[in-house]
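Geometric and topological summary
Okay, here's what each chain looks like letter by letter:
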Amino acid sequence: MSYAGFKTLFPKSDLIGFAVLAFILVVVLPLGVDIFRLNLIGKYLTYAFVAVGLVLCWGSGGILSLGQGVFFGVGGYAMAMFLKLEASSPENTAIQSTPGIPDFMDWNQITELPWFWQPFHSLTFTVLAIIIVPSIFAYIIGVAMFKRRVGGVYFAIITQAVAAIMTILVIGQQGYTGGVNGITDLRTLHGWDIRTDEAKYVFYFLCVFLLFVCLAVAQFVRKSKLGRLLVAMREMEDRVRFSGYDVSNFKIFVFCLGSAFAAIGGAMFTLQVGFMSPTLVGIVPSIEMVIFCAVGGRLSILGAVYGALVVNWAKTTLSESFPELWLFAMGALFIAVVMAFPNGLAGLYSKYCEPFIKKKYNSIRANRKGDVVAKGATHEQQ
Amino acid sequence: MANTINKHPAGSRSKLPGLVKSLMGAAAFASMALTAPASLAEVNTTDLAVTEDTVKVGILHSVTGTMAISETGSVQAEKLAIEQINAMGGVLGRKIEYVQEDGASDWPTFAEKSRKLLLNDKVAAVFGCWTSASRKAVLPVFEQYNGMLYYPTFYEGLEQSPNVIYTGQEATQQILAGIDWVVKEKKAKTFYLLGSDYIWPRTSNKIARKHIEKLGLKVVGEDYYPLGHTQFNSIINKFKLKKPDVIFASVVGGSNVAFYKQLKAAGIDMTKEKPLVLTISVTEDEILGIGGENIDGAYASMKYFQSLTNDNNQAFVKAFKERWGDDIVIGDVTQAAYLGPWLWKAAVEAAGSFDVDKVRAASPGIELTTAPEGYVKVHPNHHLWSKTRIGNAKTDGQYEIVYETPELIEPDPFPAGYQ
């Protein structure tokens, strides 16, 4: 990419934001906290993938999905299936009636590995499936909804129904999915123990790296013509349609992209937490993910990352200190954020911090150059 | 605590006036301080949170979310046991301090909190978990960091971890005696199996079906409903159609309220025992929600009922009510949770150490003569030998005990011939 291209993609203020986040995630946190806390932060970051996807769909495109947990779950389950197959070698499962299949299948009187589990013996297939399966799934939902011009609240309700259906399906088909317990007791990845501290560090940095890849893609989409069209659609859909654009295709694309992000988050969740269960697929986690996005600021991709980190950190800390009261504290926190700062943390930043920083920055520059005219203070706000 | 009292000869001998008793208690404490508890280096070689006069343990249950209503009793029982142990001088001369964490009815949270308890708090043991899903979620954590979990719930078996002591019954302990009893006493010939749709009811019904068929009797139907299901009219119609002698029910949680109310509304009077309802999932705690008048006449197969009349249980019920309020009820799992800290204390004292490996090695054979359920003993497979009892539900929400197995039943988590 040319330098000019890079500059349009990452204007100075955005670049600083990315650099600060990278510094926090790559340097400050790994040096500042022990591996147990770092592993927890890694877990929070997996939710940030979903929140970034939601910023694109909801913040930019105005498509509120209350079913992102489904895609998070598909990614997580795909990864868990691969790891479970590796953990269920005939030697490890010699005690079962049918050795060589996952333990929960044995408990449910299944005597043969189902066909759709077979390809998950391959890591390559698994990695491809993590991205492609949810995208196809989102494409089907997207075509069914957006081509019929279903949008707004109706779309939100339907995605919520999809999340509910998915949970019932996973719990009901326990012989194939592990049911309520989920897929547990995952051990190795190609013979490499994923439960060691070393593995936790590796997964943390992999998670941070993938998050930045997703952030870069999201930034590219927002700065491109597509991103501006999304905003236009959000504000006045009919006018975009009258201008000759096929609105539904753009919506389908951004919805698929958001779901692929969520699925990558899900796969990283499985790797770092060590299991996957239907409690992460249903309505409650899906709405929680929207909350992360709302707290961070639904218009800012970086805000979404901070939102996921702050909310989950608060959840952990409050529940450790007040095991019986923490839910009330969380509730109060959400109400306070929504009432007082409708644009979330990012809104707070751009309202109070950014002007201040800009003023400082400009005055320093002015002093150095002897030039009082402040330039660049007018570029687009995030 | 006969098995442990011997180690503190001046401890609480019964029927002494309060003042003398407390003086003797103080004397016991002083003498213990003088004889000095075993030194730190001896009792803790694995860097657990043990000091000269305290030892840290964890309590990990859901106190928020859908499971809170079931798990609260376990938390109360564990705290009561810990307080009682501390009042007696603690374990190896050290007071127990507990760190309580909330699993929030969410399995990843259970895993996170168990990791925190073991890694950050370095607790010597954890008393916790309720659902199988939460136990499955924490199991790899306990095995990886070599922790010790005391798990109180009756469950499906098919598991035997070196890092868990199962203080509830595994499936065969609860089911076989119950079915034998209805076959012998009530001349039951046909059974209808009903459960919530997850691993415990499915495994339980699998064992029940095998056992029923071994006895040459018949299962006329088997159905499952999703967790939280509240419409049981169609299955009640099936009962009327197939006329089973026994409805064998393992419906859990809130679904029970709907099930028993609808059963009554459909005109099935359980006190007439046609059909007879035998449940393995309704304890006194659940009856609080169902209402005694709605379940009057049903039978339950458990190891513990609050109405047990032995001295241990009367003391336990009294202490429990004094600590947590008069209107509280105590169910099977609550009692099993109460055993956890006592079994751990006994194992630690037998091992002379808090080290998990030594406690594990000392655990098989540990017996508790003071258990509210009577007498229990730890089997080498980490489950408890215990008796099974049949209770008949009454309108006041309590069970009247109609049968008790004469012998302790051996735990068998991998029952041959029932898989």
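Heads up: the structure comes first, above all this text.
Residues numbered from 1 in each chain as written. Chains lettered and ligands numbered in written order. Predicted model: local features only at pLDDT ≥ 70, side-chain atom pairs only at ≥ 80, totals over all residues.

Side chains of a nonpolar character, in soluble globular proteins, are inclined to be buried together. Formed by 172 residues in total, the largest nonpolar core has its most connected members in A:A48, A:A51, A:V52, A:A304 and B:L343. Ranked by residues supplied to this core, first place goes to helix α12 (residues 247-273) of chain A with 15 residues. Mapping this core onto the domain boundaries places at least three of its residues in each of domain 1 (37-169 + 309-385) and domain 2 (171-302 + 390-404) of chain B. In this view, B:L343 contacts B:Y150, B:I165, B:T167, B:I366, B:L368 and B:V378; residues no more than four positions away in its chain are not counted. One finds B:I247, B:V251, B:F259 and B:Y260 within the second-largest nonpolar core, a separate group that totals 45 residues. (Core = buried A, V, L, I, M, F, W, Y, C linked by C-beta atoms within 7 Å. Buried ≥ 20, exposed ≤ 12 C-beta atoms within 10 Å, placed from the backbone. Helix = DSSP H or I, 4+ residues; strand = E, 2+ residues; numbered from the N terminus. Domains from an automatic or database assignment. Contact = placed C-beta atoms within 7 Å.)

This paragraph deals with the pairing of strand β2 (residues 95-102) of chain B. Residues and elements named next belong to chain B. For β2, a buried count of six out of eight residues is recorded, marking the element as mostly surrounded by other parts of the structure. Bridge count between strand β1 (residues 54-61) and β2: eight bridges; the pairing is parallel. If you follow T54 over to β2, its bridge partner there is K95. The β-α-β motif built from β1, the intervening helix α4 (residues 68-87) and the parallel element β2 has right-handed crossover chirality. (Pairing = 2+ DSSP bridges. Right-handed = clockwise from strand over helix to strand, strands pointing away.)

What follows deals with the interface of chain B and chain A. In many reports, interface size means the accessible area that the parts give up when they come together. In this assembly, 31 residues from chain B lie in contact with 28 residues from chain A. At the level of secondary structure, the elements contributing two or more residues to the side of chain B that touches chain A comprise β2, α5 (107-120), α6 (132-145) and α8 (199-214) of chain B. Looking at the side of chain B that touches chain A, the element that brings in the most residues is α5(B), giving eight residues.

With that settled, consider the sheet that holds strand β4 (residues 149-151) of chain B. Paired through their backbone hydrogen bonds, the strands of a sheet run either parallel or antiparallel. Residues and elements named next belong to chain B. Read from one edge to the other, the open sheet built from five strands follows the order β2-β1-β3-β4-β5, with strand pairing classed as parallel. Every interior strand has two partners, whereas the edge strands, β2 and β5 (164-166), have only one. Strand-to-strand twist in this sheet, taken as the mean axis angle between neighbours without regard to direction, amounts to 25 degrees. (Axes fitted to C-alpha atoms, helices over the stretch in contact; angles between N-to-C directions.)

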